[in-house]
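Here is how the chains run, residue by residue.
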Amino acid sequence: MKRGYRQLIDEAEASIETLSVEEASTLFGNSDVTFVDLRDRRELERDGRIPGAFNCPRGMLEFWIDPESPYHKPVFAEPRKFVFYCASGWRSALATLAAQDMGLDTVCHVSGGFSAWKKAGKPTELVERKG
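This text gives an overview of the structure that appears in the document. Keep in mind that this is a model prediction, so the values were computed, not measured. (Residues numbered from 1 in each chain as written. Predicted model: local features only at pLDDT ≥ 70, side-chain atom pairs only at ≥ 80, totals over all residues. Heavy atoms only, no water.)

## Looking at the sheet that holds strand β1 (residues 17-19)
Strand order in the open sheet formed by five strands is β1-β5-β4-β2-β3, with parallel pairing between adjacent strands. Of all the strands in the sheet, the pair left with one neighbour each is β1 and β3 (54-55). Strand direction decides the pairing type here: strand β2 (residues 33-37) and β3, joined by two bridges, are parallel. Bridge assignment links Val-36 to a residue of β3, and that residue is Phe-54. (Pairing = 2+ DSSP bridges. Helix = DSSP H or I, 4+ residues; strand = E, 2+ residues; numbered from the N terminus.)

Here's what the structure looks like:
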């Protein structure tokens, strides 16, 4: 293996903005900030999410960001800051770098992810099961 996951995460974190839970919580509720939950639906239903977060499964991120993609989501074209998070901060670090490389300039991620957010007693909400 040329580069393992830890090296990829470390390289990403050297190039992106990483927020502590406390820093991220100061952005929570701002109308010009969107929290983006990169976890899959099963994780949301099991663990909850940050209230009002937009769910974008990690595997769809590049397709949803690109306006030329048939899967594009208009939320990513809005003039706002995007705060990415996942369960532990690993997927969100890699996703933040990918989004930044695609030209999404106002993007950062939460160190420690949703686990750290929840452990710090920050607001969460349950997500209903679909189907």
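## Some remarks on the pairing of strand β4 (residues 81-85)
Along any regular strand, the residues point their side chains to alternate faces of the sheet. Burial analysis of β4 places four of its five residues in the buried class, the great majority of the element. For β2 and β4, the ladder comprises five bridges, and the chain directions are parallel. The residue of β4 that forms the bridge with Val-33 is Lys-81. Where β4 meets strand β5 (residues 107-110), three bridges bridge the pair, whose relative direction is parallel. Bridge assignment links Phe-82 to a residue of β5, and that residue is Val-107. With helix α5 (residues 90-102) bridging β4 and the parallel β5, this β-α-β connection has right-handed handedness. (Buried < 20%, exposed > 50% of the residue type's maximum accessible area, 1.4 Å probe, protein only. Right-handed = clockwise from strand over helix to strand, strands pointing away.)

## Description of the pattern of salt bridges
As enumerated under the stated definition, the model contains 13 salt bridges in all. For Asp-37, the salt bridge goes to Arg-39, with nearest N and O atoms at 2.6 Å. You can call Asp-37 buried: its relative accessible area is 0%. You can call Arg-39 buried: its relative accessible area is 1%. With its nearest N and O atoms 3.0 Å apart, the salt bridge here joins Arg-46 to Asp-47. Its relative accessible area of 26% is what places Asp-47 among the partly exposed residues. A network of salt bridges, in which partner residues are shared, links Arg-41, Glu-45 and Arg-129. (Salt bridge = Lys/Arg side-chain N within 4 Å of Asp/Glu carboxyl O.)

## Quick notes on the side chain of Asp-37
For Asp-37, the position within the fold is in strand β2. A distance of 2.6 Å separates a polar atom in the side chain of Asp-37 from a polar atom in the side chain of Arg-39. Excluding residues that lie within four positions of it along the chain, Asp-37 makes contacts with Leu-44, Arg-49, Ala-53, Phe-54, Asn-55, Cys-56 and Tyr-85. (Polar contact = N/O pair within 3.5 Å; in protein donor to acceptor, adjacent residues only side chain to side chain. Contact = heavy atoms within 4.5 Å.)

## Looking at the packing of aromatic side chains
In this description, an aromatic ring pair is defined by two values, namely the gap between the centres and the angle between the planes. Scanning all chains against the criterion turns up nine aromatic pairs. Aromatic pair Phe-54 and Phe-76: ring centres 5.8 Å apart, planes at 80 degrees, arrangement edge-to-face. With Phe-54 in strand β3 and Phe-76 in the loop between α4 (61-65) and β4, this residue pair connects regions lying 22 residues apart in the sequence. The class of Phe-54 is partly exposed, set by a relative accessible area of 24%. (Phe/Tyr/Trp six-rings, centres within 6.5 Å; stacked < 30°, edge-to-face > 60°.)

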